[in-house]
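Close look at the chain arrangement
Given next are the chains, with one letter for each unit.
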Amino acid sequence: MNKYSIITAIAIIVIIMPILYGVWSIYSVEKLQLRSPNNGFSYFDMSNYEKIEMCNPMPFFVGFNGLKIEFYYINDIKGIFEIGPTTISPNTSETLDVNFSSDNFSEAQYLFMHMDGQFAGAIPIRLDTSKMVVKTNFETKIIGVIPYQTTITQSAFDFANMMNEGSSCEKTD
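For the structure given in this document, a descriptive report is provided here. (Residues numbered from 1 in each chain as written. Predicted model: local features only at pLDDT ≥ 70, side-chain atom pairs only at ≥ 80, totals over all residues. Heavy atoms only, no water.)

Further remarks concern the environment of Phe64. Relative to the assigned elements, Phe64 resides in strand β3 (residues 62–64). With a relative accessible area of 2%, Phe64 lands in the buried category. Each C-alpha atom of the pair Phe64 and Ser25 lies 7.8 Å from the other, and the pair is 39 residues apart in sequence. In this view, Phe64 contacts Val29, Leu32, Met54, Ile83, Gly84, Pro85, Thr86, Phe138 and Glu139; residues no more than four positions away in its chain are not counted. (Helix = DSSP H or I, 4+ residues; strand = E, 2+ residues; numbered from the N terminus. Buried < 20%, exposed > 50% of the residue type's maximum accessible area, 1.4 Å probe, protein only. Contact = heavy atoms within 4.5 Å.)

It is worth spelling out the nonpolar core at this point. Across soluble globular proteins, nonpolar side chains have a tendency to be buried as a group. Membership of the largest hydrophobic core comes to 34 residues, with the highest contact counts inside it found for Tyr43, Met54 and Ile69. Contributing elements (two or more residues each) for this core: α2 (43–49), β2 (51–56), β3, β4 (66–73), β5 (76–83), α3 (105–120), β9 (132–142) and α4 (156–164). Ignoring anything within four residues of it in the chain, the contact list for Met54 reads Leu32, Gln33, Leu34, Phe64, Leu67, Ile83, Ile88, Thr92, Ser93, Glu94, Leu96 and Phe138. (Core = buried A, V, L, I, M, F, W, Y, C linked by side-chain atoms within 4.5 Å.)

Applying the stated criterion to the full structure yields 14 aromatic pairs. Summarising the aromatic geometry, the rings of Phe41 and Phe159 are spaced 5.8 Å apart at their centres and angled 75° between planes, so their arrangement reads as edge-to-face. Of the two residues, Phe41 sits in the loop between β1 (33–35) and α2 while Phe159 sits in helix α4, which places them 118 residues apart along the sequence. Judged on exposure class, the residue Phe41 and its partner Phe159 are both buried. (Phe/Tyr/Trp six-rings, centres within 6.5 Å; stacked < 30°, edge-to-face > 60°.)

Looking now at the sheet that holds strand β8 (residues 99–101). With antiparallel pairing, the five strands of this open sheet are ordered in space as β8-β5-β4-β9-β10. Edge positions in the open sheet fall to β8 and β10 (146–155), since each of these has one partner strand only. Sheet twist, expressed as the mean angle between neighbouring strand axes with direction ignored, is 20°. Judged from the eight bridges that link them, β4 and β9 form a sheet pairing that is antiparallel. Bridge pairing in β9 places Tyr72 opposite Val133. The sheet contacts of α3 involve β4, β5, β8 and β9, and relative to β5 the element is tilted by about 90°. Each of β4, β9 and β10 is contacted by α4, which is oriented at about 105° to β10, the strand it contacts most. (Pairing = 2+ DSSP bridges. Axes fitted to C-alpha atoms, helices over the stretch in contact; angles between N-to-C directions.)

So, in structure tokens, the structure goes:
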């Protein structure tokens, strides 16, 4: 093998590695599991205590630049939970602090309290639960420069069920 072949092979490896890392990052972020840090999920508790459990079932570290969970009721945004850049260790679950913001905090708490009660069957139906939508948006970068977003849109009921499911990780903190 001559020196030009070696240089070409090294150059190809150097070019392909960041691209593979970016693709792996996108794949890994989609596999992260969000759960309630308590035994039962509650929108009201999530907005007050600002905690979420995140499980990384992958055998490698998973990092993302940001997570944003937006709550809409009748196409009007009621609240946003945000997490900044984070890295989760392999096969572990960590409880993370989230920042909750809302233009009208009392209205968001009222909505969350009623959704929790209606999903539990503890209070009569006063609000249409089918009109609450949750958008979960993971932000990551390909090759460290190109922004990429993975967005999952689901109903409030489906989001609550997901948050109550068991995790495939052990909690580390």
